[in-house]
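Below are the chains, spelled out letter by letter.
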Amino acid sequence: MNTEWLHEYIVFARHLNFSSAAKALNMAQPTLSKHMIALEKWVGVPLIDRGGNLQLTYYGHRFLECAQSTLTTLNSGVKACRELRHSNRPVRVQWFDHGTYLSDRLSRVKGIPFELTNTSTEGLDEPYFAVLDNDLVDIVSSLDFSTMPDFSKAAQERGTKTAATVSAPAALVMSTEHPLSHIGKLKRADLTQAEFLIVDRAYYDLWRSYIPYVLGSDLNLRFTLKSVHGVTANMGSIDLGRGIVFYTAEELRRFYGGRDDVVIVEELDGAPLSVPLGILYREDNENPLVHQLVRHLTDNG
């Protein structure tokens, strides 16, 4: 016996009409009729009097009370179990190595248990979404996609919320052989039609949209995929050629700070570069601690 049949039976008893009940349940009338016949066979007695105007039988009225009581108890038990599970589980935060801003904020969190995780996203399509859809984590530390219409729309369609957190210092890295490396004070206009390297295939489309969003879509930037196996470990060893890498300044200094064949640029037009950061999370997450932590991370006061 399917517990959904109980809910369907309760709705039918309210309408005493298969067409009206099916419409209220958003299902086909023949399907509802089959379910009610199957329910009667399972109970072992007729529940619906189909002679003339539809009515519940004597057994049907008694079973209706049982169905209502059973569903109330079942729903209460499910809710209690979910609340118990969430009350004992810390908020799982995916760390995507954008620097220490997240750890700085989390260090000030009081009364909300959480754990940082670096769940592998290798082989996952749309990894930012996948780790949430598969319930591997509760919050994803990401770039700020909240002001990017296409990404925000895709997120909304999947029940995922995007939210801005802070802006972190950013930088450009290029080879000392790159023509722009010899310019004393780089201007944004100098980047016109420059080639940018994206080192992770899984995030190629995201970065291809995000970099022009940060630096300006009028620059007509070009993008080249330069896949690196084990990005975190090996990003600093790639041959940049005539390409430029854009990322947070903290991470680029960590990756390239020890190389004397590269230049790290942290200003454009005499002003510090910055990259807006954000988080992603499921709006339907039933853990109230997740939403408390979201409010903490997005509070810029």
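Within every chain, residues take consecutive numbers counted from 1 along the sequence as written. Reporting in this predicted model follows two pLDDT cut-offs: at least 70 for local features of residues, and 80 or more for side-chain atom pairs to be given and counted; totals over whole chains, interfaces and linings ignore these cut-offs and use all residues. Calculated side-chain values reflect all of the structure's heavy atoms, with hydrogen atoms and water omitted.

Enquirer: Residue-level account of helix H11 (residues 288-297), with values.
Expert: For each residue, the accessible area found with a 1.4 Å probe, counting protein chains only, is set against the maximum for its type, and the residue is called buried under 20%, exposed over 50%, and partly exposed in between. Elements are defined by DSSP. Helices are runs of H or I of four residues or more, strands are runs of E of two residues or more, and each kind is numbered from the N terminus. Those residues of H11 that fall on the buried side of the exposure criterion are Leu 289, Val 290, Leu 293, Val 294 and Leu 297. With its buried residues spanning 145° around the axis, H11 presents them on a single face. Any pair of N or O atoms that falls within 3.5 Å is considered a polar contact. Within protein, one atom must be able to donate a hydrogen and the other to accept it, and sequence-neighbouring residues count only if both atoms are side-chain atoms. N-capping of H11 is provided by Asn 287, with a side-chain oxygen placed 3.0 Å from the backbone N of Leu 289. By construction, the arc corresponds to the directions joining the helix axis to the C-beta atoms.

Enquirer: So what's going on with the nonpolar core? Residues and values would help.
Expert: Only buried residues count toward a nonpolar core. Its members are Ala, Val, Leu, Ile, Met, Phe, Trp, Tyr and Cys residues joined through side-chain atoms within 4.5 Å. In this structure, Leu 172, Leu 191, Phe 196, Leu 215 and Tyr 256 are the most contacted members of the largest nonpolar core, which totals 53 residues. Throughout, a residue-residue contact means that at least one pair of heavy atoms, one from each residue, lies within 4.5 Å. Excluding its chain neighbours within four sequence positions, the residues that come into contact with Leu 172 are Leu 186, Leu 191, Phe 196, Ile 244, Val 245, Phe 246, Leu 252, Val 263, Ile 264, Val 265, Leu 268 and Leu 273. Ranked by size, the runner-up nonpolar core spans 22 residues in total, among them Trp 5, Phe 18, Leu 64 and Ala 67.

Enquirer: So what's going on with helix H8 (residues 204-215)? Residues and values would help.
Expert: In an α-helix there are 3.6 residues to a turn, and that puts residues three or four apart on one side. An expected span of 1.5 Å times one less than the residue number is assigned to each helix. The end-to-end C-alpha distance of H8 is 17 Å, a good match for the 16 Å that 12 residues give at a rise of 1.5 Å each. For H8, the set of buried residues is Tyr 204, Leu 206, Trp 207, Tyr 210, Ile 211, Pro 212 and Leu 215. Directly after H8, the chain includes Gly 216, whose backbone phi takes a positive value near 125°.

Enquirer: With reference to specific residues and values, describe the pattern of salt bridges.
Expert: Salt bridges, as used here, are contacts in which a Lys or Arg side-chain nitrogen is within 4 Å of a carboxyl oxygen on Asp or Glu. Applying the stated criterion across every chain yields a total of 11 salt bridges. The shortest N-O distance in the salt bridge between Asp 133 and Arg 158 comes to 2.4 Å. Linking Asp 133 in helix H6 (residues 127-133) with Arg 158 in the loop between helix H7 (149-157) and strand S6 (160-175), this pair joins segments that are 25 residues apart in sequence. Residue Asp 133 is classed as partly exposed on the basis of its relative accessible area of 33%. On the basis of relative accessible area, Arg 158 is assigned to the partly exposed category, the value being 30%. Ionic pairing is found between Asp 261 and Arg 259, a salt bridge with its closest N-O pair at 3.0 Å.

Enquirer: Residue-level account of unusual backbone geometry, with values.
Expert: The phi torsion at Leu 16 lies on the positive side, around 50°, for a residue other than glycine. Tracing the sequence through the fold places Leu 16 in the loop between helix H1 (3-15) and helix H2 (18-25). Despite not being glycine, Asp 269 shows a phi value in the positive range, around 55°. Mapping Asp 269 onto the fold places it in the loop between strand S11 (267-268) and strand S12 (271-272).

Enquirer: Before we move on, can you summarise the packing of H2 against helix H3 (residues 29-43) with the specific residues and values?
Expert: Orientation of H2 relative to H3, taken along the N-to-C sense of each, is 105°, at an axis distance of 9 Å. As summarised for this structure, H2 and H3 are arranged roughly perpendicular, according to the angle between their axes. The residues of H3 that touch H2, namely those facing Phe 18, Ser 19, Ala 21, Ala 22 and Leu 25, are Gln 29, Leu 32, Ser 33 and Met 36. Of the residues assigned to the contact of H2 with H3, the class counts are 6 nonpolar, 3 polar and no charged. As a rule, the C-alpha atoms of each element are fitted with a line to give its axis, helices using only the stretch in contact, and angles between N-to-C directions run from 0 to 180 degrees. Convention used here: angles under 35 degrees read as roughly parallel, angles over 145 as roughly antiparallel, angles from 65 to 115 as roughly perpendicular, and any remaining angle as oblique. Residues are grouped as follows: nonpolar covers Ala, Val, Leu, Ile, Met, Phe, Trp, Tyr, Cys and Pro; charged covers Asp, Glu, Lys and Arg; every other residue, Gly included, is treated as polar.

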